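# Notes for the structure review
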Amino acid sequence: MKDGFRTRMSLLHTWAGLILSGLLFAIFWTGTLSVFDKEIDRWMMPHTRIHMDTARPLSVDREIIPLLAERAEGAKAWTIVLPAERRPFLTLAYDSAKSHIAQRNSFHPITLEPLPAPNTRGASNFIYPFHHNLTLRQNNIGALLVGIASMGMLCLLISGIVIHRRIFADFFTLRLLRGFGRANLDIHNLTGVVLLPFTIVITLSGLMIAHLIYFPKAPDAVFAQLNPPSVTQERPKSKVREASRKREQDVSSENEDEITDAREGSRNSPARSRFIAESQGRVRPQAIGQPANVAAIDPMIAATESELGQGAVYMIRVSNPGDAGGVVALRLNGDNSVSQNIDNRRFSTATGEELAHFNSSSTTNVFNFIAGMHYIKFKHWPLRWLYFIAGLGACALIATGLLHWTQARNQKQGSTGFNVSFMNAHNIAAITGIISATGAFLVVNRLLNNREQFAGISSRDLEVYAFFGVWLACLLHALIRVFLNKQHGYRKAWAEQCRAIALIAIAAVGLNWITTGDHLLKTLFTHTYWPVATLDLVLVTSAVMAIYAARKLSVIRES
């Protein structure tokens with residue numbers, strides 16, 4: 001019975017790995033890069049490479065409200081995101097009388113001069129969304145695929161524990177000099193054991209924070225009975241689709257939990273809005289139709305920060321400015337805690353009187369801690385780097401698992417069936433392909449250099465086309481190499497794509513220097529700017545490793 005169970009787990013491990021590992025590698029790769037998405041943004045948006053050392057606290061009343069008065073006449077809501085270390089500029093978002101889709105402007109944190117529009121999605125609006133929805137937003141198809149892959153990852157981890165008899169011995173075993181096959185399997189076993197807590201926690205937390213996607217009717221089931229049927233009825237799907245379409249066209253979209261729409265809850269059913277209000281403290285105040293001036297906001301911030309500490313407020317939302325029923329909501333940052341901070345303070349826009357505190361319940365705080373472990377918004381650089389290294393280790397775990405299956409069959413003379421050849425090509429495209437595509441994304445960004453469009457196509461789209469185009473080209477190259485020479489073509493494909501990675505990485509570093517003047521000597525020593533310097537160093541390191549891998553692959557001996 002025991003052998004039978006282990007055999008079944010081995011089959012599950014093999015087939016789940018073969019079917020899902022390519023998708024899992026893409027998810028973990030983009031998730032790993034998302035640990036430093038804001039820093040990659042600084043590299044891709046040179047006009048935002050701002051040193052915060054000399055920045056001063058801004059007065060909302062004297063300096064920011066006048067900027068809004070010029071631009072946001074008739075707006076139903078204002079959003080103010082204050083400058084911070086990882087986002088070193090002031091952001092203002094607002095709707096208009098004609099459109100409920102937020103417009104967004106960025107300003108220098110010292111001079112308050114408008115910054116150029118970012119004609120790029122950057123990492124925050126492409127790599128990060130790709131991690132959780134594969135950029136397939138229609139009907140949440142991408143998010144559902146990520147959920148399926150995450151469930152598969154949990155199955156792989158549990159079945160891997162079952163089938164490895166020597167799990168503790170593997171912890172101390174790493175034979176890198178015993179040939180490719182032995183070294184590859186040892187790396188797979190070692191990363192699987194060492195990173196087991198990380199991979200389980202990061203995968204399970206990713207599933208948990210997306211619960212409303214997988215169970216969209218859950219809030220309605222709980223709250224619908226508390227409202228008349230006519231009230232709990234959802235908005236027409238056509239209107240939801242139109243709102244979603246318009247939001248995708250908005251060039252200033254932000255991460256899901258930040259600037260999503262100038263008006264809170266605009267696409268939610270009443271039941272879900274109530275759930276969000278009770279669990280997250282996000283409500284949508286209604287205007288009462290009585291004109292009123294906006295009270296001073298600086299005292300509201302001062303009162304909040306006197307209680308919670310200097311710099312506790314990072315975002316101000318003003319709902320219905322100019323209306324006596326308007327509300328100022330101060331959102332608190334979570335830089336000093338793993339737990340995601342969703343507490344807020346609310347004041348009357350007309351009188352400045354404090355209306356309410358929202359403090360998360362114990363149940364919500366558990367969820368916030370789980371979400372915080374996944375989103376990694378806290379400002380703790382050593383821990384952030386540990387996440388990054390662990391993410392790369394998880395990528396190595398997935399890649400070595402794929403290579404173990406094909407390597408065992410490539411060893412056998414004549415074992416060149418379609419399934420083995422296909423998996424060889426799949427592995428190359430899934431691993432080196434997406435790495436090359438990421439490098440191409442950066443290269444095209446620097447070639448376009450914040451140009452609005454090229455050949456009639458927006459730069460934002462061209463970068464994405466380059467990413468998927470290079471990825472597809474890597475797949476076609478692998479298929480051609482493997483199927484033209486089923487015995488050894490896969491080795492040539494691996495080596496050639498490793499050289500391509502090195503070339504693309506060096507090109508990205510060089511183009512950054514040419515287009516901005518920010519070479520490594522400058523960003524490391526004379527005008528130190530770590531976000532740009534670190535990405536350049538990572539690219540150079542990647543190029544060296546890729547060249548080394550290409551050389552080894554050219555003389556590799558299977559064992």
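Residues numbered from 1 in each chain as written. Predicted model: local features only at pLDDT ≥ 70, side-chain atom pairs only at ≥ 80, totals over all residues. Heavy atoms only, no water.

We now examine the overall build of the chain. The number of helices and strands found in the chain is 21 helices and nine strands. Out of the 559 residues belonging to the chain, those deemed buried represent 50%. Counting contacts in the chain only where the partners sit at least 6 residues apart, residues at least 24 apart contribute 68% of the total. Total accessible area computed for the chain in this model is approximately 27100 Å², and 63% of it derives from carbon and sulfur atoms. (Helix = DSSP H or I, 4+ residues; strand = E, 2+ residues; numbered from the N terminus. Buried < 20%, exposed > 50% of the residue type's maximum accessible area, 1.4 Å probe, protein only. Contact = heavy atoms within 4.5 Å. Areas by Shrake-Rupley, 256 points an atom, 1.4 Å probe, with all protein chains shown as cover.)

What follows covers the side chain of S21. Checked against the element boundaries, S21 lands in helix α1 (residues 2–34). At a separation of 2.7 Å, a polar atom in the side chain of S21 contacts the main-chain carbonyl oxygen of G17. Sequence-distant contacts of S21, defined by excluding residues within four places in its chain, comprise A16, I398 and L402. (Polar contact = N/O pair within 3.5 Å; in protein donor to acceptor, adjacent residues only side chain to side chain.)

Let us now look at the packing of aromatic side chains. Inspection of the entire model under this criterion finds 20 aromatic pairs. Look at F126 and F468: their rings are 6.0 Å apart centre to centre, the planes differ by 90°, and that puts the pair in the edge-to-face class. Of the two residues, F126 is situated in helix α4 (residues 123–133) and F468 in helix α18 (residues 459–484); the sequence distance between them amounts to 342 residues. A centroid spacing of 5.5 Å and a plane angle of 80° characterise the contact between W385 and F388, whose relative ring orientation is edge-to-face. One end of the pair is W385 and the other is F388, both in helix α16 (residues 381–410) and three residues apart, which spans about a single turn. (Phe/Tyr/Trp six-rings, centres within 6.5 Å; stacked < 30°, edge-to-face > 60°.)

Right, let's get into the environment of I40. Structurally, I40 is set in helix α2 (residues 37–44). You can call I40 buried: its relative accessible area is 8%. Expressed as a C-alpha distance, the spacing of I40 and S124, which sit 84 residues apart in the sequence, is 8.3 Å. When neighbours within four sequence positions are excluded, I40 is seen to be in contact with L33, A123, L442 and L535.

Turning next to a nonpolar patch on the surface. A cluster of nonpolar side chains, namely L472, L475, L476, I480 and L484, defines an oily patch on the protein surface of about 490 Å² accessible area. Along the chain, L476 turns up in helix α18. (Patch = residues over 30% accessible without salt bridge, like charges linked within 9 Å, V, L, I, M, F, W, Y side chains within 5 Å. Salt bridge = Lys/Arg side-chain N within 4 Å of Asp/Glu carboxyl O.)

On to α2, then. Along an α-helix, a turn takes 3.6 residues, which lines up residues three or four apart on a common side. In terms of burial, α2 is largely enclosed, as eight of its eight residues are buried. Taken together, the buried positions of α2 are D37, K38, E39, I40, D41, R42, W43 and M44.

So, on to the environment of T406. The topology assignment puts T406 in helix α16. Of the residues examined, T406 reaches a relative accessible area of 2% and is grouped as buried. With residues near it in sequence (within four places) discarded, T406 still touches M423, N424 and N427.

Turning next to the sheet that holds strand β4 (residues 313–319). Pairing is antiparallel across the open sheet formed by seven strands, whose spatial order is β3-β2-β1-β4-β5-β6-β7. Edge strands, defined here as strands with exactly one partner in the open sheet, are β3 (103–107) and β7 (354–358). When the angles between neighbouring strand axes are averaged without regard to direction, this sheet yields 15°. Judged from the four bridges that link them, strand β1 (residues 77–81) and strand β2 (residues 90–94) form a sheet pairing that is antiparallel. Each bridged residue has a counterpart across the sheet, and for T79 the counterpart in β2 is A93. Packing of helix α3 (residues 60–71) onto the sheet brings it into contact with β1, β2, β3 and β4, and relative to β2 it is tilted by some 40°. (Pairing = 2+ DSSP bridges. Axes fitted to C-alpha atoms, helices over the stretch in contact; angles between N-to-C directions.)

Direction vectors running N to C along α4 and helix α5 (residues 141–163) enclose 60°, while the axes themselves pass 7 Å from each other. For the pair formed by α4 and α5, the contact residues are H131, H132 and N133 on the first element and G142, A143 and V146 on the second. Here the contact of α4 with α5 is built from residues that sort into two nonpolar, four polar and no charged. (Nonpolar A, V, L, I, M, F, W, Y, C, P; charged D, E, K, R; others polar.)

Time to look at the packing of α2 against helix α17 (residues 418–448). Axis separation between α2 and α17 bottoms out at 10 Å; the angle between their running directions is 35°. Residues I40, W43 and M44 of α2 lie in contact with α17, whose contacting residues are F441, L442, N445 and R446. Among the residues making up the contact of α2 with α17, the classes are represented as five nonpolar, one polar and one charged.

What follows is about the pairing of strand β5 (residues 327–332). Burial within β5 is extensive, with six of its six residues counted as buried. Covered by surrounding structure in β5 are V327, A329 and R331 together with V328, L330 and L332, the residues of both alternating faces. Summarising the sheet, β4 and β5 pair through six bridges and their orientation is antiparallel. In the sheet register, S319 faces β5, and the bridge partner there is V327. In this sheet, strand β6 (residues 344–348) lies alongside β5 in antiparallel orientation, the contact comprising five bridges.

Judged by how many residues are buried, β2 sits mostly within the fold: five of five residues are covered. Burial along β2 is two-sided: the face carrying L90, L92 and Y94 and the face carrying T91 and A93 are both buried. Where β2 and β3 come together, five bridges link them in antiparallel fashion. Each residue of the ladder has a partner; that of T91, found in β3, is S106.

Trans is the common state for peptide bonds, and a negative phi is the common state for residues other than glycine. If you check the backbone angles, T135 has positive phi at about 60° while not being a glycine. Looking at the element boundaries, T135 is found in the loop between α4 and α5. Owing to a relative accessible area of 23%, T135 belongs among the partly exposed residues under this scheme. Residues other than glycine seldom take positive phi values, yet N140 does so here, at roughly 60°. Relative to the assigned elements, N140 resides in the loop between α4 and α5.

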